[in-house]
Amino acid sequence: MTIHTADAVNTADAPKSAAGTSVSPPPARRRGRHRVQGQWWVPWAFLMPALLLFLVFRYIPMVQAIGMSVENVRPYLGNEFVGLKNYETILSDPAFRDATVNTLVLAFGQTLGCLVLGFLLALLLEGQTRKLSFIRSAAFLPVVVPMAVIAELWRIMYHPTDNGFLNSIIGIVGLAPSEYINSPDSAMWSIMLMGIWRGGPYDMMIILAGLAGIDRGLYEAATVDGANRWQRILHVTLPGLRPVFSILFILAAIRGFRVFTEVYLMTNGGPNGATEVVMTLLYKLGLEQQKLGVGSAGAVLLFLATLVLTLAVQLMLRRKKDA
Amino acid sequence: MHTKMKAAAVLGVVTLALAGCSSAAAPEGDSSGVKQDEEAVLEVWTRTTPGSPSEAATIRQVEAFMEATGYKAEVTAIFDDFEIKLAQRAGQKDLPDIVLNDVSQLGTMQSQGILREVDLKDIKNSKNMTAQALEAGKAIDGKTYGIPYSAQANALMIRSDWLANLGLEAPTDWDEMLAVAEAFTKNDPDGNGQADTYGLAVPGSTKRGYASWYFSNFLWAAGGDFITGSGDEWLPSMTTDEAIEATTWFRDLQCTAGVIQPGAPSMDTPPTNEAFESGVAGMYVTGPYMMPRFDKVLGADKYTVVPAPEGPKDASVLAEGGTVYLMAGSENEKGQTAFADWYVGEESQTYGMEGTDAFAIQLPVNEKVDISEVRDDPRWETFATAYKESGHYAPTIPSWTPVRQMSADTINALLADCSLDVEEELTKLDGKLTAELLTQGILKQ
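Residues numbered from 1 in each chain as written. Chains lettered and ligands numbered in written order. Predicted model: local features only at pLDDT ≥ 70, side-chain atom pairs only at ≥ 80, totals over all residues. Heavy atoms only, no water.

S.K.: If you had to explain the interface of chain A and chain B to someone new, which residues and values would you point to?
M.R.: In this assembly, 33 residues from chain A lie in contact with 43 residues from chain B. For the pair chain A and chain B, the summed buried area comes to about 3,400 Å², and 60% of that belongs to carbon and sulfur atoms. When residues of chain A are sorted by the area they lose upon contact with chain B, A:Pro75, A:Tyr76 and A:Gln290 head the list and together hold 22% of the total. Where chain A touches chain B, the interface holds one salt bridge. Put simply, B:Glu436 and A:Lys291 hold a salt bridge, and the shortest N to O gap is 2.7 Å. In this structure, the connection of chain A to chain B is made through ten residue pairs in polar contact (both at pLDDT 80 or more). Contributing elements (two or more residues each) for the side of chain A that touches chain B: helix 4 (41-68), helix 14 (261-266) and helix 15 (278-288) of chain A. The greatest single-element share of the side of chain A that touches chain B, amounting to six residues, is contributed by helix 4 of chain A. (Contact = heavy atoms within 4.5 Å. Buried area = accessible area lost by both parts, 1.4 Å probe. Salt bridge = Lys/Arg side-chain N within 4 Å of Asp/Glu carboxyl O. Polar contact = N/O pair within 3.5 Å; in protein donor to acceptor, adjacent residues only side chain to side chain. Helix = DSSP H or I, 4+ residues; strand = E, 2+ residues; numbered from the N terminus.)

Okay, here's the thing in structure tokens:
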């Protein structure tokens, strides 16, 4: 995060004073403070509660999942080591391949949609007045509402008869009623749309913060050079937001890989597997059918994919920065 | 300094993780090796919603057990992720003593080794149990691992006011059922001048395999089955003529006749129940446990219960029920046995059927108990007859859940996408079922 903030500051060419305070204090002062703080274990002691929680609820289960992925899991009788058999099973399962493709489609569509919607909302709602801050909060509401509530709301809106909520709206412009989540042709984009509606405002907030960091002088300079509104967005706003977009992209991609709740609540992977994503498949295999070993193997693969993606994006960004 | 710290931290994580692993892989627990204590409180888990009327009914029943036998017991109601929570306790080698869960879980639980075999000689009341219920308590090895204590079968609930408005009779076979469904859909049975009614309520979602659950009524009535065989020799059978006929007929309700409530492919039971009680759909094949709710929301005068319409073969319907499972590793095995024995006795079976809101016992498994003596509601007799004459349990194999899940996926797909070819999809399903039976080691070679 710090890298990106610093990057943002550089790109936007912000005033030197601001950069000075946010980056690092003079080395001499830092060393002095270190001595005053005393023992090396003090920061660790402060970190301990959080680290312990992470350890118990995150790292140990993760290591156990890796262990389980090479075992035939039998909670009571004791696990049997089966080598890579679970990986073979899941990789040769056509349902897993389909789910991977669906996950990628959904992740990509939602990420892109959220960025576009978030960017448009941010442009519309940028500014200082009190009314705007109220509207911004209102627009942000979907992000804080629990997913279960949203899913139920959209299920009602997606009611597939011609007097359903959304169908009666699209009926006004003469479109035929859609089946939405009840047809394999439309289920995927229906879930995507709901995800964008929910995720867009989150991106909006981050982009708004990014917009605030763009030097106003650049806009003025562009106006003086004769740039119109569109050209200003294209040549000033978008380049200024590049670091913001990259962090949003990483976050959204990771979130996209792990998408579960909305799919589980709306379609549970149906109809005809049209919305089956990796997480719903793993849930079915591991927790409903109690094939915990196979499920764990899938989860480890998902973890590796996320890891590779994150590292790749980080590397790409670093290389770009060095160049 | 920093590297050292990191190394120490990593070492800590690894040690703890290994400790976690090794405890998970502890040696096999031996049930007979556990020190016995007849005073120990029996921990009873039941798969119902905490705080619900059915939890209250179970507590009432277990309290009666304590009074009658002197053993101590405590009820815990769990609904969400019941099996997962049970697996967690299995991992800790500290299972509850008694589990009250669906009979279809028997195979899964038995193959996990968490059940104790029951010697029917110890269960004195078992001599009065119906043959059907006794059979349902057996695993593929022919040994008894559970004592079914309550039974239920599906019947057809139908809006009597709609029938009266249109001058129709309740259907007795599939052709009549289709005709009634079409009339309910097209002839405005609620008389509000709008085409907003449908024939049949169907939970067509893949969640927990609901689509397959519901469809099994029709599949069995046509003489088909998901898998056929016995012992450890099974074959998939979704491409038999009977199965194809049943699937095609059921699917045509949606794709040709259009008599199923809208949105069925994404609905599990809660929204489907609402579709029936709010007057969207006029027929619903379901169990007696829905009556208290529909009586309250819809009104008992608005619907009747009739036997499920006869299919091409017979009127087979899904039979299910609660089973007492005696869990392995208990420190009070005598108490466990007494619990199971008491639960299927005459006294407790009668006691458990009393009440109005929810019942610990739906239909008795004890032949000496006559339901009409306890309940003067004739609708219960319809269910009792359906169970006795047409009740069809799902086969007991090591794990029924994947079979139900896979068939639910196919039924759901066929309902959602009318362009799919029935035979082709069923052939695909047979392929998946073959692989699953092979995984479970029960495929007939």
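Don't stop here, the text continues.
S.K.: Go over the state of the cysteines, please, and point to the residues and values.
M.R.: All names here are of chain B. A complete count under the given rule lists one disulfide over all chains for this structure. For Cys255, the disulfide goes to Cys418, at an S-S distance of 2.0 Å. The disulfide joining Cys255 to Cys418 has a torsion of about -80° about its S-S bond and is therefore left-handed. Separated by 163 residues along the polypeptide, Cys255 in helix 9 (residues 241-255) and Cys418 in the loop between helix 16 (400-416) and helix 17 (422-439) bring together distant segments of the chain. A relative accessible area of 26% places Cys255 in the partly exposed class. (Disulfide = S-S within 2.5 Å. Buried < 20%, exposed > 50% of the residue type's maximum accessible area, 1.4 Å probe, protein only.)

S.K.: Hey, could you go over empty space enclosed by the protein for me, with residue numbers and the actual values?
M.R.: Per the counting criterion, the structure on display carries three cavities of 30 Å³ or more. In this structure, the largest cavity spans a volume of roughly 60 Å³. Forming the walls of the largest cavity are A:Gln290, B:Phe82, B:Glu83, B:Leu86, B:Ala87, B:Asn101, B:Gln105, B:Thr108, B:Met109 and B:Gln112. Among the elements of the structure, helix 3 (82-91) and helix 4 (106-111) of chain B are those that each provide at least two residues to the lining of the largest cavity. The leading source of residues in the lining of the largest cavity is helix 3 of chain B, at four residues. Each residue belonging to the lining of the largest cavity can be placed in one class, and the counts come to four nonpolar, five polar and one charged. In this structure, the second largest cavity encloses a volume near 50 Å³. (1 Å grid on protein atoms, 1.4 Å probe; cavity = no way out; pocket = protein on both sides within 12 Å on 5 of 7 lines; lining within 4 Å. Points joined across faces, edges and corners; volume = space filled by probe spheres on them. Nonpolar A, V, L, I, M, F, W, Y, C, P; charged D, E, K, R; others polar.)

S.K.: Explain the side chain of A:Arg136 residue by residue, including any values.
M.R.: Within the secondary structure layout, A:Arg136 lies in helix 7 (residues 130-144). Of the side chains bearing the opposite charge, A:Glu126 lies closest to the buried A:Arg136, which forms no salt bridge; the N-O distance is 8.1 Å. (Lys, Arg positive; Asp, Glu negative; His and termini not counted.)

S.K.: Give a detailed account of the confidence of the model for chain B, specifying residues and quantitative values.
M.R.: When pLDDT is averaged across chain B, the result is 89; 93% of the residues are at 70 or more. Across the interface, the model reports ipTM at 0.75; the global pTM reads 0.81. (pLDDT = per-residue confidence, 0-100.)

S.K.: How would you summarise the sheet that holds strand 10 (residues 303-306) of chain B if you had to cite specific residues and measurements?
M.R.: Residue and element names in this part refer to chain B. As summarised here, the arrangement of the four strands in space is 6-9-5-10, forming an open sheet in which the pairing is mixed. Taken across any chain shown, the strands that pair with only one partner, and hence form the sheet edges, are strand 6 (198-201) and strand 10. Along the sheet, successive strands turn relative to each other by an average axial angle of 20°, direction set aside. Looking at chain direction, strand 6 and strand 9 (residues 281-286) are connected through three bridges and run parallel. Counted as the bridge partner of Ala201 is Tyr284 from strand 9. Helix-sheet contacts for helix 8 (residues 210-221) involve strand 6 and strand 9, and the interaxial angle to strand 9 is about 85°. Along the sheet face, helix 11 (residues 291-299) touches strand 5 (155-159), strand 9 and strand 10 and points at about 155° away from the line of strand 10. (Pairing = 2+ DSSP bridges. Axes fitted to C-alpha atoms, helices over the stretch in contact; angles between N-to-C directions.)

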